[in-house]
Amino acid sequence: MKLFSIIVFLFCSSFIFAQNWMQRTNFPGSNRDDGVVFKIGNHAYCGTGQTPSFQPEKDFYSFEVFTGAWSQISSLPTNEGRQYASAFTNDTLGFVFGGENGSDFYNDLFAYDPNTDNWTEMTPLPSSGRSGMACFTIENKAYIICGRTSNTNLTKEVWEYNMTNDTWTQKNDFSFGKRWRMIGAVNNQSGFTLFGYDDTQDFSDELFEYIPSTDDWVVRSNFPEEPRNYAVMTSINDHLVILFGIDSTSQFYNDVHLFDFTTDQWSTSTSLPDLPRRGGLVFSKGLDLFYTTGLTETPERTNETWLLTNPTSNLSEFKTDKISIYPNPASDILNVKCSNCNNKPQTVTIKTLLGQHVSTFQINETHMKINVSELSTGTYVLSIMSQSNQPISPIRFVIK
C-alpha cells in the first residue's frame, strides 16, 4: 500500500508539474520582438527582431535547451538588421529568409553552420522581397507562404525552397487570398497555417492544411476564440500548440490553446502567469516549450524566457522509443538498441562535447552496430530525434 501511495503521489506531482510555467535565464541581447528562431540538436538559435528604440537587429544567440545557457554567435552578415523574417532548418544548417527594415523588403537567404559559426549567402528568392510570411518544413523543403512585399502590398504567393540543392520553386497560390503574419507548423507531412489578416485587416480564425502531394490547401478547423495576430505555433505530440498574440481590438493574450490531430478538437493549457504578450519566439525540448522575448501589453519589449512543461498534459501518451547503447566506454563497435524502431526511422547524430558534428545516420531496425574505431579518445554525445520529430535526451559515451 505504501508503494502504491508513493507511485500515486509521484504521478500526481508530475501531472501538476506538467502544467507549470517556470521562468528561465533571460535572453542576453537587447529586448525585442518579431525575431526568428531555428533549432538544431539541443540548441535554439534566436536573433533579428526590433528593439525598444525601433531598431531592427541582426545579432544572434544560442540557447542550450538542457542547461539553459545562452551564448552569442555570429550575427547575420548584412548591413542592416531586420524584423518579420522567417527561419527554418534541415537539422544541420539553419536558414533565415527575408524580412523588412523600414521601407526595405528583403528576398535574401542565409544559411548558418553551427560547427563553424559561419553564415553563407544562398540563392535569393526569385521574386519580390517580403516580410511576415508563414513558414514550415516538409522533407527538407521549406515553404514560404504569403506575407507582404511592401508596406501596402500583401501577397498570396507560395514558394518552396529545396535545402538540398539550393533551388526555389513557385507553388500554387494560397487558395484563400492574401495574408500577412500567419503562423505555420508541420504534423505528419502536412503543413498548417493559422491566423494572419488580409489586405482589409480582417483577422482569420481558420486553420489551413497544406497537402504537398497535391499542392492544395483545405480548411481543417476554426480557432474557437477571437482570432489574433503575432501569435506563435509549434507541433508536439500530435498537437498544435498556439501561444499568446493580439486581436483586432488590440487586446493582448497570455493563453495557450491546443489542437489535437487525433480528435480534431481544441482545448486549453495553463496560461502564462505573467503579462500577456505577442511577437515572441517558441521552440521545444521534447514535450516542453520555451517562449522568449516579445512585446508585453504595457507595451514594453522584453528579454524574458519562460518554460512551459508538457502543455499536452499527459506524459503517458507520449510514445518515446526506448534507446540504449553499449559497451560504454567503447573502442571499436557501439551498439545502439531501439526497442520500438522497426519501420520507424530515427535520426541519430554524434557530436563532440563542444557541439561539433561528427556524423548523422538513420536507425531503421531494433539493433544497429556503429563503427567508432576512427573516433579519437574522449567523450561524445549521441543525440536521437524520434520519428515523431521529438528529441530524446542525449546519451553520452566514451571512446577509450
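Just so we're clear, the structure is a prediction, and the values are computed from it rather than from any experiment.

Regular strands show a simple pattern: their side chains alternate between the two faces of the sheet. Counting buried positions along strand 2 (residues 36-40) yields 5 of 5 residues, so the element is predominantly enclosed. Both faces of strand 2 are covered, namely the face carrying Val 36, Phe 38 and Ile 40 and the face carrying Val 37 and Lys 39. Note that strand 2 and strand 3 (residues 43-47) share 5 bridges and pair antiparallel. Looking at strand 3, one finds that Val 37 is bridged to Cys 46. Hairpin connection between strand 2 and strand 3: a loop of 2 residues separates the two successive antiparallel strands, and Gly 41 in this loop has a positive phi of roughly 60 degrees.

Of note, the bond from Thr 298 into Pro 299 is cis; its omega dihedral lies within 30 degrees of zero at -15 degrees. By the secondary structure assignment, Pro 299 is in the loop between strand 28 (295-296) and strand 29 (300-301). The residue after Asn 328, namely Pro 329, is reached through a cis peptide bond having omega 15 degrees. Along the chain, the position of Pro 329 falls in the loop between strand 31 (323-326) and strand 32 (333-338). The backbone of Thr 48 sits at a positive phi, close to 55 degrees, despite the residue not being glycine.

Another point: the pattern of salt bridges. A complete count under the given rule lists 12 salt bridges for this structure. Among the salt bridges present, the one from Arg 277 reaches Asp 274, with a minimum N-O distance of 2.5 Å. In this structure Arg 277 comes out as buried when scored by relative accessible area, which is 1%. A relative accessible area of 29% means that Asp 274 is categorised as partly exposed. What emerges from the salt-bridge pattern is a single network uniting Glu 209, Arg 220 and Asp 264.

Turning next to the confidence of the model for the protein chain. When the pLDDT values of the protein chain are averaged, the result is 88; 86% of them are 70 or greater. Low confidence marks residues 1-19, where pLDDT is under 50. Its contacts with residues over four positions away, or in another chain, come to 11 contacts. Confidence over residues 314-320 falls short of pLDDT 50; this stretch has 8 contacts with residues more than four positions distant or in other chains.

Going through the model one piece at a time under the given rule, you end up with 41 aromatic pairs. With a centroid separation of 5.1 Å and an interplanar angle of 55 degrees, the aromatic rings of Phe 259 and Trp 266 are classed as tilted. The same class applies to Phe 259 as to Trp 266, namely buried. Pairwise contacts between aromatic rings join Phe 136, Tyr 143, Phe 174, Phe 176, Phe 208, Tyr 210 and Trp 217 into one cluster. Over the ring of Tyr 253 we find Arg 228; its NZ or CZ atom is 3.8 Å from the centre of that ring. The ring of Tyr 230 is capped by Arg 278, whose NZ or CZ atom sits 3.9 Å from the centre of that ring.

Let us look at the sheet that holds strand 30 (residues 305-308). Strand order in the open sheet made by the 4 strands is 1-30-27-26, with antiparallel pairing throughout. Where the open sheet ends on each side, the last strands, each with one partner, are strand 1 (21-24) and strand 26 (281-285). The mean inter-strand angle of the sheet, taken between neighbouring strand axes irrespective of direction, is 25 degrees. Judged from the 5 bridges that link them, strand 26 and strand 27 (residues 288-292) form a sheet pairing that is antiparallel. Paired with Val 282 across the two strands is Tyr 291, which belongs to strand 27.

Here the focus is the sheet that holds strand 17 (residues 190-194). Here we have 4 strands laid out as an open sheet, ordered 16-17-18-19, and antiparallel in their pairing. Since the sheet does not close on itself, it has two edges, and those belong to strand 16 (183-187) and strand 19 (216-222), each with one partner. Neighbour-to-neighbour, the strand axes of this sheet turn through a mean angle of 30 degrees, independent of strand direction. As paired strands, strand 17 and strand 18 (residues 206-211) are joined by 3 bridges and run antiparallel to one another. Residue pairing for strand 18: Thr 193 is matched across the bridge by Phe 208.

With respect to the helices and strands, Arg 82 occurs in the loop between strand 5 (70-73) and strand 6 (86-89). You can call Arg 82 buried: its relative accessible area is 1%. Engagement of the side chain of Arg 82 in a polar contact is seen with the backbone oxygen of Gly 98, the distance being 2.9 Å.

A few words now on the nonpolar core. Ranked by size, the top nonpolar core spans 15 residues in total, and within it Leu 334, Ile 370, Val 372, Leu 382, Phe 397 and Ile 399 carry the most contacts. Looking at this core, the elements with two or more residues in it are strand 32, strand 33 (346-352), strand 36 (378-385) and strand 37 (391-399). No other element matches strand 36, which puts 3 residues into this core. Discounting residues that sit within four places of it in the chain, Phe 397 has contacts with Ile 325, Asn 328, Leu 334, Ile 350, Leu 375, Gly 378, Thr 379, Tyr 380, Val 381 and Leu 382.

Next up on the list: the pairing of strand 26. Among the 5 residues of strand 26, 4 are classified as buried, and the element is accordingly described as predominantly covered. Linkage of strand 26 to strand 27, two consecutive antiparallel strands, is achieved through a turn of 2 residues, within which Gly 286 is found at a positive phi near 65 degrees.

Let us look at the environment of Asn 222. Here Asn 222 shows up in strand 19. In this structure, the C-alpha to C-alpha distance between Asn 222 and Gln 265, residues 43 residues apart in sequence, is 10.0 Å. With near-sequence residues (within four places) excluded, Asn 222 lies in contact with Asp 205, Glu 206 and Trp 266. There is a polar contact of 3.1 Å between the side chain of Asn 222 and the side chain of Asp 205.

What counts, and where the lines are drawn
Every chain is numbered independently, its residues counted from 1 as its sequence is written. With pLDDT at 70 or above as the cut-off, local features in this predicted model cover only qualifying residues; side-chain atom pairs require 80 or more to be listed or tallied, and sums for whole chains, interfaces and linings still use all residues. Note: side-chain values were computed over all heavy atoms of the structure, leaving out hydrogens and water. Under the scheme applied here, a residue whose accessible area is under 20% of the maximum for its type counts as buried, over 50% as exposed, and between as partly exposed, the area being computed with a 1.4 Å probe on protein chains only. Elements are defined by DSSP. Helices are runs of H or I of four residues or more, strands are runs of E of two residues or more, and each kind is numbered from the N terminus. Pairing between strands is defined by DSSP: at least two bridges between the two strands are required. By definition here, a salt bridge exists when the distance from a side-chain nitrogen of Lys or Arg to a carboxyl oxygen of Asp or Glu is within 4 Å. Confidence of the predictor in every single residue is expressed as pLDDT, which spans 0 to 100. The contact definition used throughout considers only heavy atoms, calling two residues in contact when any of these lie within 4.5 Å. Pairing of aromatic side chains here covers Phe, Tyr and the six-membered ring of Trp, requires ring centres within 6.5 Å, and sorts the geometry by plane angle: under 30 degrees stacked, over 60 edge-to-face, intermediate tilted. Throughout this description, the term charge over a ring refers to an Arg CZ or Lys NZ atom that lies within 6 Å of the ring centre and within 35 degrees of the ring normal. Only the contacting stretch of a helix is used when fitting its axis, a line to C-alpha atoms as for every element, and angles between N-to-C directions run 0 to 180 degrees. Side-chain atoms alone can form a polar contact between residues adjacent in sequence; in general such a contact is a pair of N or O atoms within 3.5 Å, and within protein one must be able to donate a hydrogen while the other accepts it. What makes a nonpolar core is a set of buried Ala, Val, Leu, Ile, Met, Phe, Trp, Tyr and Cys residues whose side-chain atoms join them at distances within 4.5 Å.

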